[in-house]
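# Coordinate analysis (summary)
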Amino acid sequence: MAWTWRFETADGTAVEPAVQPEEFTTQGDAESWLGLYWKELLEGGAEQVVLSDGDTKIYGPMSLRAEA
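Presented here is an overview of the structure given in this document. (Residues numbered from 1 in each chain as written. Predicted model: local features only at pLDDT ≥ 70, side-chain atom pairs only at ≥ 80, totals over all residues. Heavy atoms only, no water.)

### A closer look at the overall build of the chain
What the chain contains, in helices and strands, is one helix and three strands. Its helices and strands in sequence order give the chain the pattern β-α-β-β, from N to C terminus. Here the C-alpha radius of gyration of the chain, 11 Å, is about what a compact globule of 68 residues would show, namely 11 Å. Projected onto its principal axes, the C-alpha coordinates of the chain cover approximately 30 × 25 × 20 Å. Buried positions account for 29% of the 68 residues belonging to the chain. (Helix = DSSP H or I, 4+ residues; strand = E, 2+ residues; numbered from the N terminus. Rg over C-alpha atoms; globule rule 2.2 N^0.38 Å. Buried < 20%, exposed > 50% of the residue type's maximum accessible area, 1.4 Å probe, protein only.)

Pasting the structure below:
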């Protein structure tokens, strides 16, 4: 299966990411990619993300905003 991110606004509406992700072969690769690009994704309109492995939701929504 491929690990993928869904990018959402704060209300859960899907949004096109500012940086196009690749398909990841491992959860670690997907999370590392997000760690590199979360600021650009946030600036581009994504407020939160959901990680899936194929059709299985792994976790999320997870905010891209830093905790206060």
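Back to the write-up after that little detour.
### Remarks on the packing of aromatic side chains
Inspection of the entire model under this criterion finds four aromatic pairs. With 6.2 Å between their ring centres and 65° between their planes, F7 and W33 make a pair best called edge-to-face. With F7 in strand β1 (residues 3–8) and W33 in helix α1 (residues 27–43), this residue pair connects regions lying 26 residues apart in the sequence. You can call W33 buried: its relative accessible area is 8%. Members of the aromatic cluster, connected to one another through ring pairs, are F7, F24, W33 and Y37. (Phe/Tyr/Trp six-rings, centres within 6.5 Å; stacked < 30°, edge-to-face > 60°.)

### A short note on unusual backbone geometry
Here the residue pair G60 and P61 is connected by a cis peptide bond, since its omega of 5° sits within 30 degrees of zero. For P61, the location among the structural elements is in strand β3 (residues 56–63).

### Let's talk about the side chain of S52
Structurally, S52 is set in strand β2 (residues 48–53). We classify S52 as buried; its relative accessible area is 16%. The contacts of S52, once residues within four sequence positions are left out, are A2, W3, T4, K57 and I58. (Contact = heavy atoms within 4.5 Å.)

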